[in-house]
Amino acid sequence: AAAARLAEPDLLLAVGGSSTIDATKLMLLCLRHGITQTDELDAYRGFSTSDASLRPADESRWLRMVAVPTTLSAAEFTWFGGAYDARRRVKEPYGYPMMVPQAVILDPAITLATPLPLFLSTGMKAVDHAAERLASLNAEPFTDAVSMQSLRLLAGGLPRVSKDPTDLQARMDCQMGMAIAMTGPGAGVGVGASHAIGHVLGGHSGVAHGNTSCVLLPPVMRWNSPANGARQKLVSEALGRPGVDAATALAELIRRLDLPQRLRDVSVRREDFPAIAEKVLQDFAIRANPRTVTAPEQIVE
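The rules we used
- Residues numbered from 1 in each chain as written.
- Predicted model: local features only at pLDDT ≥ 70, side-chain atom pairs only at ≥ 80, totals over all residues.
- Heavy atoms only, no water.
- Core = buried A, V, L, I, M, F, W, Y, C linked by side-chain atoms within 4.5 Å.
- Buried < 20%, exposed > 50% of the residue type's maximum accessible area, 1.4 Å probe, protein only.
- Helix = DSSP H or I, 4+ residues; strand = E, 2+ residues; numbered from the N terminus.
- Contact = heavy atoms within 4.5 Å.
- Phe/Tyr/Trp six-rings, centres within 6.5 Å; stacked < 30°, edge-to-face > 60°.
- Lys NZ or Arg CZ within 6 Å of the ring centre and 35° of its normal.

A. Fine view of the nonpolar core. One finds Met124, Val127, Leu151, Leu158, Met221, Val235 and Leu239 to be the most contacted residues of the largest nonpolar core, which totals 36 residues. Mapped onto this core, the elements with two or more residues apiece are α3 (116-134), α4 (141-163), α5 (168-181), α7 (209-238) and α8 (246-256). Element by element, the count of residues in this core is highest for α3, at eight residues. Dropping the residues within four chain positions of it, Met124 is found in contact with Leu158, Ser213, Cys214, Leu253, Ile254, Leu257 and Leu259. Val200, Val220, Ile276 and Ala285 belong to the second largest nonpolar core, which has 21 residues in total.

B. Structural context of the packing of aromatic side chains. Applying the stated criterion across every chain, the model contains two aromatic pairs. Centroid distance Trp62 to Tyr96: 4.8 Å. Interplanar angle 10°. Geometry classified as stacked. With a gap of 34 residues between them, Trp62 in the loop between α2 (18-33) and β2 (65-69) and Tyr96 in the loop between β4 (90-95) and β5 (103-104) connect regions that are remote in the sequence. Residue Trp62 shares its accessibility class with Tyr96, and that shared class is buried. Pairing Trp79 with Phe80 gives two aromatic rings, centres 5.8 Å apart and planes at 90°, and the pair type is edge-to-face. Positioned over the ring face of Phe119 is Arg171, at 4.7 Å from the centre of the ring. When the ring centre of Trp223 is taken as reference, the NZ or CZ atom of Arg291 above it lies at 3.7 Å.

C. Structural detail: the environment of Leu63. Examined against the element boundaries, Leu63 turns out to sit in the loop between α2 and β2. Considered as a pair, Leu63 and Asp283 are 220 residues apart in the sequence and their alpha carbons are 29 Å apart. Sequence-distant contacts of Leu63, that is, excluding residues within four places in its chain, are made with Pro9, Asp10, Leu11, Leu12, Leu28 and Leu31.

Any functional reading would require information beyond the geometric quantities listed.
Here it is as structure tokens:
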């Protein structure tokens, strides 16, 4: 933010993954409010400081950004940014409508420089966006349509990229699958425990956001199945595995992409489970989980 302030820019351009894009969003927040110290961000933590359904009165006072994403995590499609609080070891959201990019440029060629495991693991984060919304008990016909199409594109595109990293059409299919999955939040359909625990694993244990989905999405689906088993059949169908339970279908895809499958694979320690579980209960995403979560012991399961 200090560097941008000195440059007196007309626009900020974010080229990179979601860490770069979220950082740029928070730079915009700092520039708008003259924030120069980390503690000054506390007043803007969470989503309660603005109404994203209204065009803000101070629109003209904001610098804007354009995003060119190189991964599939999809930060460029939201009006909030995640930032890591090193003191408390938690990832916090900071939101304001004017932080959303003015434009997003999807180009498969620019993703060729992205390390393949990073591209594929963030692809599983995109799968997570679609799968948790498709399995939601609050789903709408609109989100069903876009989530199923997203999963079809990603389930077809990710293995093709894994087999041939130069396949630009496969990369574009992944980008389009990622993008349309992010229309779900606009219909008011939230995600669930995979995202909530993933947010905490990132802050508490330093696990990359894409890898959190790899290790969490199948077991979360399995744990939720008593509450949303019928909805999960749609996930399996969209993945091209009708008749197979969603947890197994997702685990097969992750294994096929040679990505981490267990908490031990991403260096999460069992002794940290209680602290992680307590933090998860405070995460906004846990409230929309299909199976009600009220105690840390449920998270540890």
